[in-house]
Amino acid sequence: MRDGMRRAHFLLLCGAVGLFALLLRLPTLSSRSLWLDETYSAWFAGLPLHALWTDVPLYETHPPFYYTLLKGWSGLFGATEAALRSLCVLASVLTVVLIPVCARVARLGARAERIALLAALLLSVNANSIVFAQQARPYAIHALAGMLAVFCSCMLVLALSTPGAHGTPQRRPWPWIAGLALSASLVLWLHNTGIFAAFGIWTGMGAGLLLASPGPRGRQALAVGLAGLGALLLWSPFVPMLLRQSAAMDQLSYWIRFSPGKITSAWTVMSGARVMHYPMMALVLLAFGWLWKRARPHFWLLACTMLLPVLALGAYSLVLKPVFLARLFEWLAPLTMVLAALGIAVLRPAWRPPALAAVLALSAWSVLAFYRADTEDWRGMLARLQHDARPGDLVLAFPNEVQMPVTYYMKQGPAVTYLPAPFPARGLPRRYTGNAGAPDIAPEDIPRLRALLWGRQRVWLIERRADLYDPDGLVMKELARCCRLQRKAAGNGANISLYETAAAQP
């Protein structure tokens, strides 16, 4: 154990980097509309707890844990866009601050604390960390839990691979066993792909201890096994729900299209932006080179933690079900920033300032690009529909999951008819794409659609990803038979169109 930085100096720097991270995560927090997945979060958070934990897992593809947290949070702070997103802002800022705090608590020494502060700075300006901090989705909290799990696994390996007097561990492993069990169980509770994260972490601990650490194998196996058993026990109440979810998901025709080349998109999320690919890769490789020479057990641990979840989920998506999404690896962004900070630290002193300046400049450019980027504007589009709709207008919507943004933003206005049925429409004899509550359009829906269109002069259509949920264009063909498109509002993936019959046109 080594002496750390002066307490007042350390706390001042932690507070400064935390405040900086918060300020970067506030712009556009409320100015942007919720996108579809965020309105899912708002929808589920508004359901009763009993339904959230019994009925919802039968058709939703995520665990109910995040929605439960959001339900409690929105009960305290409201359900506005800013309120819903502020939970993830808090988690993201905590992740930034806890990186140096963890180094301090573990008494790793002043140099480690300085590297951790630098990693916190890099994470504070990481563009994708800011993106997910501003979304009412579980990924920012997942990153917090993942950071703590990786830290505890590193400390456990350190405790088990650094013998003290008489062969006993220099550091007591029990706090890290408990911390790893708790944080890893949170990783599992927050997303079903947390299984792949746990696989990478435990494989890495085993590889690091077996390949690069002498010491009593029995004690090492017991400690690693106890941490895993604790995580499984804490997660076990969800296992029956996971099995039911898996059975429902087996029936889905996934919208994701995976190819091995898409694995690089995970690095985009981890590094912060596409422009950060090569600079971050260079720094991370420098860090791994240092670990190979100075801390080989941690080389194996962190290499497995970074690579195996990505490769395993890619293989699963290629062979079984295409579930690979880049955002599932946001939990690795804090580790990537720690390794990048270590890479800067091992450079020659004269090279460190320009390397840091280049990374910060590219990060700032990526953050500004995010601030300027367009997103789904459900708020604006639905406000225009509500303003322009007339009595007698028919409003159609598909897929039925657009019921989420409509319910959130259009409290008043015309009634909306969802095709083929309101969400969740389970058990219909047809293909399901996104989840077991959102079925595709099928030919048997056409008679009902024709009956709805009969005698209507103006028809509004709210749709999102018609290419997935109506690949044959059945709804569009029926509208073309009786109506002419008058105008269309596009909202970066979502569209609202107005059709009129010849009799309604001036």
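Look up a bit, the structure's there.
Here is what the cut-offs are and how they apply
- Residues numbered from 1 in each chain as written.
- Predicted model: local features only at pLDDT ≥ 70, side-chain atom pairs only at ≥ 80, totals over all residues.
- Heavy atoms only, no water.
- Phe/Tyr/Trp six-rings, centres within 6.5 Å; stacked < 30°, edge-to-face > 60°.
- Buried < 20%, exposed > 50% of the residue type's maximum accessible area, 1.4 Å probe, protein only.
- Helix = DSSP H or I, 4+ residues; strand = E, 2+ residues; numbered from the N terminus.
- Lys NZ or Arg CZ within 6 Å of the ring centre and 35° of its normal.
- Pairing = 2+ DSSP bridges.
- Contact = heavy atoms within 4.5 Å.
- Axes fitted to C-alpha atoms, helices over the stretch in contact; angles between N-to-C directions.
- Patch = residues over 30% accessible without salt bridge, like charges linked within 9 Å, V, L, I, M, F, W, Y side chains within 5 Å.
- Areas by Shrake-Rupley, 256 points an atom, 1.4 Å probe, with all protein chains shown as cover.
- Salt bridge = Lys/Arg side-chain N within 4 Å of Asp/Glu carboxyl O.
- Core = buried A, V, L, I, M, F, W, Y, C linked by side-chain atoms within 4.5 Å.

Draft legend 1. Inspection of the packing of aromatic side chains at higher detail. If you walk through the whole model with that rule in mind, you get 22 aromatic pairs. Considering the side-chain rings of Phe132 and Tyr139, the 5.7 Å spacing of their centres and the 65° angle between planes classify their relative orientation as edge-to-face. The pair formed by Phe132 and Tyr139 is uniform in burial state, with each residue classed as buried. With centroids separated by 5.0 Å and ring planes inclined at 45°, the aromatic side chains of Phe258 and Phe324 adopt a geometry described as tilted. With a gap of 66 residues between them, Phe258 in the loop between α12 (239-249) and α13 (264-271) and Phe324 in the loop between α15 (296-319) and α16 (333-345) connect regions that are remote in the sequence. On the accessibility criterion, Phe324 (4% relative accessible area) is buried. Three or more aromatic residues joined by ring pairs make a cluster, and in this case those are Tyr40, Trp43, Phe44, Tyr59, Tyr66, Tyr67 and Phe423. The ring of Phe370 carries the charged tip of Arg32 above its face, separated from the ring centre by 4.5 Å. Over the aromatic face of Trp292 sits the side chain of Arg296, whose NZ or CZ is 3.7 Å from the ring centroid.

Draft legend 2. Molecular detail of the sheet that holds strand β4 (residues 484-490). Judged by pairing direction, the sheet is mixed, and its 5 strands sit side by side in the order β2-β1-β3-β5-β4 without closing on themselves. Edge positions in the sheet fall to β2 (417-418) and β4, since each has one partner strand and no second. Bridge count between strand β3 (residues 458-464) and strand β5 (residues 494-500): 7 bridges; the pairing is antiparallel. Bridge pairing in β5 places Val459 opposite Tyr499. Sheet strands in contact with helix α18 (residues 378-388) are β1 (394-398), β3, β4 and β5, and its direction is about 170° off that of β3.

Draft legend 3. Quick look at the pairing of β5. The buried fraction of β5 is high, at 7 of 7 residues. Burial of the side chains of β5 extends over both faces: Ala494, Ile496, Leu498 and Glu500 are buried on one face and Asn495, Ser497 and Tyr499 on the other. Inspection of the sheet shows β4 paired to β5 by 6 bridges, in the antiparallel sense. Of the residues in β5, the one forming a bridge with Ala490 is Asn495. Between β4 and β5, which follow one another and run antiparallel, lie 3 residues, and Asn492 among them has a positive phi close to 60°.

Draft legend 4. A look at a nonpolar patch on the surface. On the surface, Trp174, Leu222, Leu226, Leu229 and Leu233 cluster together to form a nonpolar patch covering roughly 510 Å² of accessible area. With 4 residues, the single largest contributor to the nonpolar patch is helix α11 (residues 217-235). Tracing the backbone shows Leu226 in helix α11. Note on Leu226: relative accessible area 31%, which makes it partly exposed.

Draft legend 5. Molecular detail of the pattern of salt bridges. Per the stated rule, a full pass over the model turns up 15 salt bridges. Across the pair Arg450 and Glu478 runs a salt bridge, and its minimum N-O distance is 3.0 Å. Here Arg450, found in helix α20 (residues 446-453), pairs with Glu478, found in helix α22 (residues 474-482); they are 28 residues apart in sequence, far enough to count as distant. Residue classification places Arg450 among the partly exposed positions, given a relative accessible area of 43%. We classify Glu478 as buried; its relative accessible area is 6%. Among the ionic pairs, Glu478 bridges to Arg481, the shortest N-O distance being 3.1 Å. In this pair, Glu478 and Arg481 both sit in helix α22, 3 residues apart, roughly one turn of the helix. Residue Arg481 is classed as exposed on the basis of its relative accessible area of 61%. One connected set of salt bridges, linked through shared partners, spans Asp393, Arg458 and Glu500.

Draft legend 6. Layout of the nonpolar core. Counting residues in hydrophobic clusters, the biggest one holds 165 residues, and the most contacted among them are Phe44, Leu180, Trp202, Phe329 and Ile462. A total of 16 residues in this core trace back to one element, the largest contributor, which is helix α8 (residues 139-161). Grouped together as the second largest cluster of nonpolar side chains are 7 residues, Val125, Val131, Val367 and Phe370 included.

Draft legend 7. Representation of the environment of Met276 in the model. Examined against the element boundaries, Met276 turns out to sit in the loop between α13 and α14 (277-294). Under the relative-accessibility criterion, Met276 is labelled buried at 1%. In sequence terms Met276 and Leu52 are 224 residues apart; their C-alpha atoms lie 39 Å from each other.

Draft legend 8. Molecular detail of unusual backbone geometry. Cis geometry marks the peptide bond from Leu419 to Pro420; its omega dihedral reads 0°. Position of Pro420 relative to the elements: it lies in the loop between β2 and α20. Note that the residue after Phe423, namely Pro424, is joined by a cis bond; omega there is -5°. Within the secondary structure, Pro424 sits in the loop between β2 and α20. The phi dihedral of Arg107 falls on the positive side, at around 55°, and the residue is not glycine.

In short, shape yes, function no, at least from these values alone.
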